[in-house]
Amino acid sequence: MSAPMEGVEQPAAPAAPSSRLIVDHCDSDDSTVCVISEQTFNDLGLFRGDHALLIGKRKRQTICVILTKPDLEPGKILLNRTARKNLAV
């Protein structure tokens, strides 16, 4: 294996997009609502009550109303069982 050349910058590892969230269980019965943290809410530039197109595995799509929860961990999204099944996640 060759040594890195001096003066040549190595490409940085690609960062995960901020719009990619980890799905968790939500106790709400409403399948049209998703809950995210306030930090993620502000990072994505959303407003309370906005509609968002969520894209899951195999490009499956659903639309949800965005709500916030202050004590939720950043980078997570809470979805109802029905919405998770629609997205195949």
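Provided above is the structure to which this section pertains.
**Considerations on the nonpolar core**
Move 1: By size, the foremost hydrophobic cluster in this structure holds 11 residues: Cys34, Ile36, Phe41, Ala52, Leu54, Cys64, Ile66, Ile77, Leu79, Ala83 and Leu87.
Move 2: The set of elements that each furnish at least two residues to this core consists of strand 2 (33-36), strand 3 (51-55), strand 4 (61-68), strand 5 (76-79) and helix 2 (81-87).
Move 3: Each residue touching cysteine 34, except ones within four places of it in the same chain, is listed here: Leu54, Cys64, Val65, Ile66, Leu67, Ile77, Leu78 and Leu79.
Move 4: One finds Cys26, Val33, Val35 and Leu78 within the second-largest nonpolar core, a separate group that totals 5 residues.

**A short note on the pattern of salt bridges**
Move 1: Within the structure shown, the criterion is met by 1 salt bridge.
Move 2: A salt bridge links lysine 76 to aspartate 24; its shortest N-O distance comes to 3.8 Å. Taken together, the residues span a long stretch of sequence, with lysine 76 in strand 5 and aspartate 24 in strand 1 (residues 22-25) at a distance of 52 residues.

**Considerations on the environment of valine 35**
Move 1: Counting through the fold element by element, valine 35 comes out in strand 2.
Move 2: Residues valine 35 and threonine 68 lie 33 residues apart in sequence; the distance between their C-alpha atoms is 5.3 Å.
Move 3: Once residues within four sequence positions are removed from consideration, valine 35 is found in contact with Leu67, Thr68, Lys69, Leu72, Lys76, Ile77 and Leu78.

**Examining the sheet that holds strand 2**
Move 1: The mixed open sheet is built from 5 strands, whose spatial order is 1-5-2-4-3. This sheet does not close on itself; its edge strands, each paired only once, are strand 1 and strand 3. Shown here is a sheet whose adjacent strand axes are inclined to one another by a mean of 40°, direction ignored.
Move 2: Where strand 1 lies against strand 5, 4 bridges are found, and the strand directions are parallel. Bridge pairing links aspartate 24 to leucine 78 in strand 5.

Analysis parameters
Residues numbered from 1 in each chain as written. Predicted model: local features only at pLDDT ≥ 70, side-chain atom pairs only at ≥ 80, totals over all residues. Heavy atoms only, no water. Core = buried A, V, L, I, M, F, W, Y, C linked by side-chain atoms within 4.5 Å. Buried < 20%, exposed > 50% of the residue type's maximum accessible area, 1.4 Å probe, protein only. Helix = DSSP H or I, 4+ residues; strand = E, 2+ residues; numbered from the N terminus. Contact = heavy atoms within 4.5 Å. Salt bridge = Lys/Arg side-chain N within 4 Å of Asp/Glu carboxyl O. Pairing = 2+ DSSP bridges. Axes fitted to C-alpha atoms, helices over the stretch in contact; angles between N-to-C directions.

Interpretation note: all reported values are geometric properties and have no functional meaning in isolation.
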